[in-house]
Amino acid sequence: MLIGYLLLAAVILVFAALVFWNIDSRYYFGLPEVRFQGNRHLSVGMYPEGFKSVFLFSCDDLSAKTDKEDLSTLLRTLDRHGVKGTFFTIPLLDGKHQVSQELFEPAVKGGHEIAQHGLTHQWKTSRMPILGSREFKGLNYGEQEYRISEGKAILGSLNLHPLGFRTAHFSSNEGTLELLAKEDFLYNSDVRIRPEGKITNKRFLGIVYGSIYFPYFWDTPFGRILIIPANGDYMWSLKTAVMERSALRAAKNRFNKFYDKGGVFCLLTHLHPQALPGKRGMRFLDSFLTHVKERDVWTPTMIEFARWWNARHTLKVLTYIRRGTLIIKLERPSKYPLKGLVLDIKDSREYEVSYDGRIKSGTGPEKIVIDF
C-alpha cells in the first residue's frame, strides 16, 4: 500500500516538474504582468473605472460568404447587452472571395472592431502529410510574411487598418508572432501558450490552456506583441434546436473562474450554421451575455483592451512622504492613455498626485479617478 502511494506521489511530482519545465508558470498561475498594483499607501485599479474583470467577445470567420442577416442579428444582440465585439475577418476566403466593405460597415459603425484572420483560411498540407499544417504553422517564413502582409493590404484597401490578428485554425508559431510585430500588429489572440514545450498541447494539458487568466507579452526582434488567449467556442456543438444547457453551464462556470480572479475572459464564437447563427446560438449567447453583464465587468473591443493593457503594464508609480504629505508620482511610458484609472488611497493623511504635468490633491483615504 505504501509503495503504491509513493509511486503515485512520484508520478505527480514528475508531471509537475514537466509542466514547470515546459511552460513559464506565471502565465496561468501568477498575477497579471504589470509594474505596480499596490503598496501600503496606495493601490491602482487593473482596469478602467475600477471594473473587477474583463469580458472580450470575439467572432471568427467574417468573410465574403458570411450571411448578412446572421451578422445583423448578432450585432443587435451585442448592442442590446452593451457589448462591443471583435470580428476576425478573412480577407480572401479560399484565395478567391474578397471580403467587401458593405459587409462589415454596420459593425464598424456600431463601434465594433474588425481584426485580421489570416488570408485565405485554407488548409495547407506539409511535405509530411501525417503532420499536416494549417494557416500558418508549417508554412515557411516567407509564405507567412506574404499572407500577413497581403491580408493586411486587402483590408487596408477597404479603409481598414487592423491591429489585431488571429491565425486561422489557431496555427501560429514563433515566426508568426515575429512577423506580426514587424507588421505593427498590437496583439495576437490564440488558444496556445508561448513558449510551447514538448508536452504543452491541448490533448494532455487542456486544463492548463484554459487557465491563462491574463494576457502576456511575447518579445521579438521587432518589438513585443501582446498575446490574448482565447477560450473555447461553447456554441460549436449546438446541432439541435434546443439550447444545450450543459454547454451553457460550462461556459458560465469558466467565466466565473476568470471573474473571481479578476482575469480577462475572451469568448470565441464562429459565424457558421453549426455554431452561432440561428435561434439556438443566439439564445445561448443572449443567456450568457445576461450572466456576464450582471457582474462588474468591462466589455471593450480587443484593440481597446490591448491599448489599455500596454499602458497599464508599463505604468510606473512612486510613493513617498514629504513634510507629512503622501506624494504619488505617476509616469506612463506608453503612448496609449489610461482614461478612468482608479487610485485607491489608503493613507489618512493629505496626498498629492502628480501626472502629465498636473497635480491633484486631497485627503485620504479615498478613491479617485483620473484620465492619464
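Rules and cut-offs
- Each residue is numbered by its place in its chain's sequence as written, counting from 1.
- The predicted nature of this model means local features are confined to residues of pLDDT at least 70 and side-chain atom pairs, given and counted, to a pLDDT of 80 or more, with totals for whole chains, interfaces and linings taken over all residues.
- Hydrogens and water molecules were not included; the side-chain quantities draw on all heavy atoms of the structure.
- Throughout this description, the term nonpolar core refers to a set of buried Ala, Val, Leu, Ile, Met, Phe, Trp, Tyr and Cys residues connected via side-chain atoms within 4.5 Å.
- A 1.4 Å probe rolled over the protein chains alone gives each residue an accessible area, and that area as a share of the maximum for its type sets the label: buried under 20%, exposed over 50%, partly exposed in between.
- The numbering of helices and of strands both runs from the N terminus, where a helix is a DSSP run of H or I of at least 4 residues and a strand a run of E of at least 2.
- Only strands joined by at least two bridges in the DSSP assignment are considered to pair.
- Axes, fitted as lines to C-alpha atoms, cover a helix only where it is in contact. Angles between the N-to-C directions of the axes lie from 0 to 180 degrees.
- Relative orientations are named as follows: roughly parallel for angles under 35 degrees, roughly antiparallel for angles over 145 degrees, roughly perpendicular for angles from 65 to 115 degrees, and oblique for any other angle.
- What makes a crossing left-handed is the near helix being turned counterclockwise from the far one by less than a right angle; a clockwise turn instead makes it right-handed.
- Contact between two residues is taken to exist if any of their heavy atoms lie within 4.5 Å; hydrogens are not considered.
- For this scheme, ten residues count as nonpolar: Ala, Val, Leu, Ile, Met, Phe, Trp, Tyr, Cys and Pro. Four count as charged, namely Asp, Glu, Lys and Arg, and the remainder, Gly too, count as polar.
- Both cavities and pockets are sets of points on a 1 Å grid over the protein atoms alone; in a cavity a 1.4 Å probe fits but cannot get out, in a pocket the set is open with protein on both sides within 12 Å along at least five of seven lines, and lining residues sit with an atom within 4 Å of a point.
- Grid points are joined across faces, edges and corners, and a volume is the space filled by probe spheres set on the points.
- For Phe, Tyr and Trp, rings pair up if their centres lie within 6.5 Å, where Trp contributes its six-membered ring, and each pair is then called stacked (planes under 30 degrees apart), edge-to-face (over 60) or tilted (otherwise).
- Expected helix span is computed as 1.5 Å times (number of residues minus one).
- For this quantity, the arc is that covered by the directions from the helix axis to the C-beta atoms.
- Residues adjacent in sequence count toward polar contacts only when both atoms are side-chain atoms; beyond that, a polar contact is any pair of N or O atoms within 3.5 Å, and within protein one must be able to donate a hydrogen and the other to accept it.
- Any carboxyl oxygen of Asp or Glu within 4 Å of a side-chain nitrogen of Lys or Arg constitutes a salt bridge here.

Some details on the nonpolar core
Judged by nonpolar contacts, the single largest core of 84 residues is most densely connected at Tyr47, Phe55, Phe57, Leu74, Phe87, Leu330 and Leu341. With seven residues, the top contributor of residues to this core is helix 9 (residues 302-314). One finds Leu177, Leu180, Trp218 and Ile227 within the second-largest nonpolar core, a separate group that totals twelve residues.

Structural notes on the sheet that holds strand 17 (residues 358-363)
Reading across from one edge, 13-14-16-17 is the order of the four strands in this open sheet, with mixed pairing throughout. What marks the edges here is a single partner per strand, and that holds for strand 13 (316-322) and strand 17. Strand-to-strand twist in this sheet, taken as the mean axis angle between neighbours without regard to direction, amounts to 20°. Where strand 14 (residues 325-331) lies against strand 16 (residues 350-355), four bridges are found, and the strand directions are parallel.

Structural notes on the packing of helix 4 (residues 141-157) against helix 5 (residues 174-182)
Where helix 4 meets helix 5, the closest approach of the two axes is 10 Å, and the angle between their N-to-C directions is 45°. Here helix 5 runs oblique to helix 4, going by the angle between their axes. The chirality of how helix 4 crosses helix 5 is right-handed. Listed contacts from helix 5 to Tyr141, Gln144, Glu145 and Ile148 of helix 4 are Gly175, Thr176, Glu178, Leu179, Leu180 and Lys182. Among the residues making up the contact of helix 4 with helix 5, the classes are represented as four nonpolar, three polar and three charged.

Points about the sheet that holds strand 15 (residues 339-345)
Across the sheet, which stays open at both edges, the three strands sit in the order 1-15-18 with antiparallel pairing between neighbours. Edge positions in the open sheet fall to strand 1 (42-44) and strand 18 (366-371), since each of these has one partner strand only. When the angles between neighbouring strand axes are averaged without regard to direction, this sheet yields 25°.

Focus: the layout of surface pockets
Of the voids in this model, the second largest pocket is the one considered here, and its volume is about 240 Å³. Lining the second largest pocket are 13 residues, with Asp61, His169, Phe170, Trp236 and His270 positioned closest to its centre. Those elements giving two or more residues to the lining of the second largest pocket turn out to be strand 2 (53-62) and strand 11 (264-270). Residues that form the lining of the second largest pocket fall into these classes: five nonpolar, five polar and three charged.

Some details on the packing of aromatic side chains
Here the structure, examined in full by the defined rule, presents 15 aromatic pairs. Residues phenylalanine 255 and phenylalanine 265 carry aromatic rings whose centres are separated by 5.7 Å and whose planes lie at 90° to one another, so their mutual orientation is edge-to-face. With a gap of ten residues between them, phenylalanine 255 in helix 7 (residues 245-260) and phenylalanine 265 in strand 11 connect regions that are remote in the sequence. The pair formed by phenylalanine 255 and phenylalanine 265 is uniform in burial state, with each residue classed as buried. Ring plane angle 80° and centroid distance 5.7 Å describe the contact between tyrosine 355 and phenylalanine 372, whose orientation is recorded as edge-to-face. With tyrosine 355 in strand 16 and phenylalanine 372 in the segment after strand 18, this residue pair connects regions lying 17 residues apart in the sequence. Tyrosine 355 gets classed as buried once you look at its relative accessible area, which sits at 9%. For phenylalanine 372, a relative accessible area of 4% puts it in the buried group.

Section: helix 2 (residues 68-81)
With 14 residues, helix 2 extends 20 Å from end C-alpha to end C-alpha; this agrees with the ideal 20 Å at 1.5 Å per step. Those residues of helix 2 lying buried are Leu71, Leu74, Leu75, Thr77, Leu78 and His81. Summarising the axial view, the buried residues of helix 2 lie within an arc of 160°, below the 170-degree limit, and thus occupy one face. A side-chain oxygen of the first residue of helix 2 lies 2.8 Å from the backbone nitrogen of glutamate 69; this N-cap is aspartate 67. A positive phi of about 70° marks glycine 82, the residue just after helix 2.

Here's the deal with the pattern of salt bridges
Evaluation of the coordinates by the stated rule reveals 13 salt bridges. A salt bridge links arginine 80 to aspartate 286, with the shortest nitrogen-to-oxygen separation between them at 2.9 Å. Here aspartate 286 lies in helix 8 (residues 278-293) and arginine 80 lies in helix 2, a separation of 206 residues in the sequence. Exposure remark for arginine 80: the relative accessible area of 55% places this residue in the exposed category. Taken together, the shared-partner salt bridges in this structure form one network comprising Arg332, Asp356 and Arg358.

Description of the packing of helix 2 against helix 3 (residues 101-109)
The packing of two helices is summarised by the inter-axis angle and the distance between the axes. Contact geometry of helix 2 with helix 3 gives a least axis separation of 10 Å together with a crossing angle of 5°. One finds that helix 2 runs roughly parallel with respect to helix 3. Side by side, helix 2 and helix 3 meet where Lys68, Leu71 and Leu75 of the first sit next to Glu102, Leu103, Pro106 and Ala107 of the second. Split into classes, the residues belonging to the contact of helix 2 with helix 3 amount to five nonpolar, no polar and two charged.

Here's the deal with the environment of tyrosine 216
Structurally, tyrosine 216 can be placed in strand 9 (residues 216-220). Sequence spacing of tyrosine 216 and leucine 226 is ten residues, and the spatial spacing of their C-alpha atoms is 5.8 Å.

A few points about the pairing of strand 17
Bridge count between strand 16 and strand 17: six bridges; the pairing is antiparallel. Its bridge partner lying in strand 17, tyrosine 355 is registered against arginine 358. Connecting the antiparallel pair strand 16 and strand 17 is a turn made up of two residues, with aspartate 356 showing a positive phi of about 50°.

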